[in-house]
Amino acid sequence: MKTAANILGDALFATGYEVQDAPRYGAERRGAPMFAYVRAADRTIVERGAIVTPDLVVVADAGLLGIPAAGVMQGASEATWLFVNSTEPAQAIRAQWRYPGQVVSWPAGFTPPAMHNAAATSASCAGAAARMLGVIARETFESALIAQSTGRSAGAIETTRSQGLAAFDAMGGVDRCVPEGGEHPATPPASPDWIELGADDAALAAPDIYAQATSEQARTGLWRSHRPVIDYEHCNRCSWVCSTLCPDSAIRVDEDRTPRIHYDHCKGCMVCVLVCPAHAIRQVSEQAAQAQEIEP
Amino acid sequence: MSEQPYKSLKDLPRSHALSPGTAMCAGCGGLEALHEALDVLGRKTVVVNAAGCMTLLANYPYTPFHGSWLYTSMASAPAGAQGVRDALDILRDRGRLADTDDLTAVVLTGDGSAYGMGLSATSAAIERGLDFIYLCYDNEGYGNTGQQSSAATPHAAKTSTSAGTQGYAGEKKDLFAVWAAHKPSYVATVIGADPLDLARKVQRAAALKGPRLILALAPCPTGWDFDPGDTVEIGRLAVKTGIWPLKEYADGRIVHTRVPNPRVPVEEYLTRQGRFRHLFEPERNDALIAAIQARVDRYWDDVG
Ligand SMILES: Cc1ncc(C[n+]2csc(CCOP(=O)(O)OP(=O)(O)O)c2C)c(N)n1
Ligand code: SF4
Ligand code: SF4
Ligand code: SF4
Ligand SMILES: [Mg+2]
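The model shown is predicted, which means the values in this text are computed figures rather than measured ones. Numbering of residues starts from 1 in every chain and runs along the sequence as written. In the order they appear in the text, chains get letters beginning with A and ligands get numbers beginning with 1. Whole-chain, interface and lining totals are the exception, using all residues; otherwise, since this is a predicted model, local features are given only for residues with pLDDT of at least 70 and side-chain atom pairs are given and counted only at 80 or more. Working from all heavy atoms in the structure, the side-chain values ignore hydrogens and water.

(A) Quick look at a nonpolar patch on the surface. A patch consists of residues exposed above 30% relative accessible area that lack any salt bridge, with like charges linked at up to 9 Å and nonpolar side chains (Val, Leu, Ile, Met, Phe, Trp, Tyr) linked at up to 5 Å. Throughout, the Shrake-Rupley method with a 1.4 Å probe supplies accessible areas, and for residues the shown protein chains are the sole cover considered. We define a salt bridge as a side-chain nitrogen of Lys or Arg found within 4 Å of a carboxyl oxygen belonging to Asp or Glu. Together, A:Ile209, A:Tyr210 and B:Tyr60 give the surface a local cluster of nonpolar side chains, amounting to about 450 Å² of exposed area. Along the polypeptide, B:Tyr60 turns up in the loop between β1 (45–50) and β2 (69–72). When its relative accessible area of 56% is taken as the criterion, B:Tyr60 is described as exposed. To qualify as a helix, a DSSP run of H or I must reach at least 4 residues; to qualify as a strand, a run of E must reach at least 2; elements of each kind are numbered from the N terminus. When a residue's accessible area, from a 1.4 Å probe over protein chains only, is under 20% of the maximum for its type it is buried; when over 50% it is exposed; and in between it is partly exposed.

Shown next as structure tokens:
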């Protein structure tokens, strides 16, 4: 998404806008959900930092919609358009997640003949956003796509270019649907509704620093866009190759040598899928897996 | 820790001493090596960690460790380990810590510390004969700050401080040789992708006293630019191409624990990583690829 924001920002800048584009990460390293913000205006932008009331939200990983902690819908109102990278119909997404505004969905980065990869998804998401804003000329956007892949092979440049333009063209029906947002005066944000808590004794208020292995409570499973699923018919209870090589110790081995993936922690790196000697672990889209869990 | 030598993968630990839920990248080769090493070392460790990616492991209020963890500046992890070792020894001398409850001081740092900023403190600690295990995860750059080049960056690799068609102009420092030159108790190179070789070496190190280095090449999806799932495959290729020789030093002798034969061309390793993409795109740089191959061939010719 950092790349998508970069392409969109460049294209807006080339069109003549003042632009800010910035990614926002948590303390985690790569793989955790992340945001990238783009602001554009035809005058000096006085706002800084995170966008609190977006006009358009682009979601590259639809699996995040169902995770409140991911906060993708934060600040969205009836006026906020939502683009979701998904094959699900927009109305179904809107109904399922009770989204207040208008929804557009489209499978980003899948236009044949290109292979689906991160660069294609980024270009595609940028293309959809550019057209929905409707202020960027097709040629300007194309130049931004090409500039993004400077130094890459002809094939890689073509993937970015064609996937970006395919999305741009596919969004013809919602050209310029996102209206220009209102003024955002540079006033300090209102102070939050604090709840005053009395001072507790440190032994109560602070987590026990002597406690062991507390990272168990951190649910890195939220990071996944795909999940590994063990097919127990084919798993030959080998010498737990998957469990040894999983970087995150997210596969436990039972007494009877059966490996169990802990989905609360599995980050979806797919190492286990690629190393299992019996080819007994499949890669499944997280969204599909979650949908199945709800209605098996 | 098991007393029996590890003969096959089936002997490797089945339970994990490092708990999940850390902030490391998905597919982190350093984390893979660390958990494999700790699975063998067990829980009676104090980890002394210099600034780097791994300092995000114990991200307050969470920790994946069962034992204590100490955070030091990049240059001073071995000095921190000295303090820990001294404190433990004092407790033992005063009878406040039973010998069976003694802990191992484990220094954990990246290559930025191990090959560069912390080398002086390391050299002094080895000289003093400090009883500790140094575990370095070598992702060949300053990963935590955006993969700037370090003294461990291989020739021609792209980093955020060595872009352009030639990549990094310098040579990767031979830390194994630097350590061995100090004549410490034990030095070994390992990789998470070969867990059996790693476990044997960690087990051997654990049975010794004095300064011991476990140096793990750590395929890094973020800094090396590859898909997280390829971490193990890239690690295996580092060994099969001969780029990362697996070896150990003990009692004044160096032994190669795996000898790739025949060696896979280095190109197989290079093409899978974005940091070497400029060697193949937009045009192939045959001269530079051949130079990298020649360095590897020369190493193995010299080994004999
Ligand atoms: C003296 C000093 N200089 C710079 C930094 C900033 N810094 C924090 S982590 C880091 C990178 C460390 O690289 P390495 O040891 O290889 O570990 P990695 O991040 O790759 O895990 C740097 C430069 C620091 N903490 N201290
Ligand atoms: S690596 Fe494959 S065969 Fe072996 S335990 Fe894991 S799932 Fe089963
Ligand atoms: S995908 Fe597999 S290897 Fe990766 S974190 Fe999940 S269980 Fe571990
Ligand atoms: S940047 Fe590399 S070494 Fe650091 S956490 Fe990510 S994968 Fe691991
Ligand atoms: Mg490093």
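Text resumes after the structure shown.
(B) View of the pattern of salt bridges. In total, this model carries 32 salt bridges over all chains according to the counting rule given. The salt bridge involving A:Lys267 is made with A:Asp248; its shortest N-O contact spans 2.7 Å. Highlighted residues: A:Lys267 in the loop between β8 (259–261) and α8 (271–275) and A:Asp248 in the loop between α7 (241–245) and β7 (251–253), separated in sequence by 19 residues. Taken as a pair, A:Lys267 and A:Asp248 share a single burial class, namely buried. Between A:Asp254 and A:Arg260 there is a salt bridge, with the nearest N and O atoms lying 2.8 Å from each other. Because the salt bridges share partners, they merge into one network encompassing B:Arg85, B:Asp89, B:Arg92, B:Asp99 and B:Asp102.

(C) Quick look at the domain arrangement of chain A. Residue and element names in this part refer to chain A. The assigned domain composition of chain A is domain 1 (2–174) and domain 2 (202–293). Every residue pair with non-hydrogen atoms within 4.5 Å of one another is taken to be in contact. Opposite the 14 residues of domain 1 that make contact, domain 2 presents 6 residues. Carbon and sulfur atoms supply 62% of the area that domain 1 and domain 2 bury against each other, a total of about 690 Å² over both sides. The quantity reported as buried area is the accessible area (1.4 Å probe) lost by two parts once they are put together, taken as the sum for both. Summed over the three residues of domain 1 that lose the most area to domain 2, namely Asp61, Gly63 and Ile67, the buried surface amounts to 40% of that side. Across the domain 1-domain 2 interface, the total number found is 0 salt bridges. N or O atoms closer than or at 3.5 Å make up a polar contact, with two conditions inside protein: a donor-capable atom paired with an acceptor-capable one, and, for residues adjacent in sequence, both atoms drawn from side chains. Summed over the shared surface of domain 1 and domain 2, the result is 0 residue pairs in polar contact (both at pLDDT 80 or more). Following the grouping adopted for this structure description, the nonpolar residues are Ala, Val, Leu, Ile, Met, Phe, Trp, Tyr, Cys and Pro, the charged ones are Asp, Glu, Lys and Arg, and the polar ones are all others, Gly among them. Residues belonging to the side of domain 1 that touches domain 2 are distributed by class as follows: 6 nonpolar, 3 polar and 5 charged. For the purposes of this description, domain bounds are those given by an automatic or database domain assignment.

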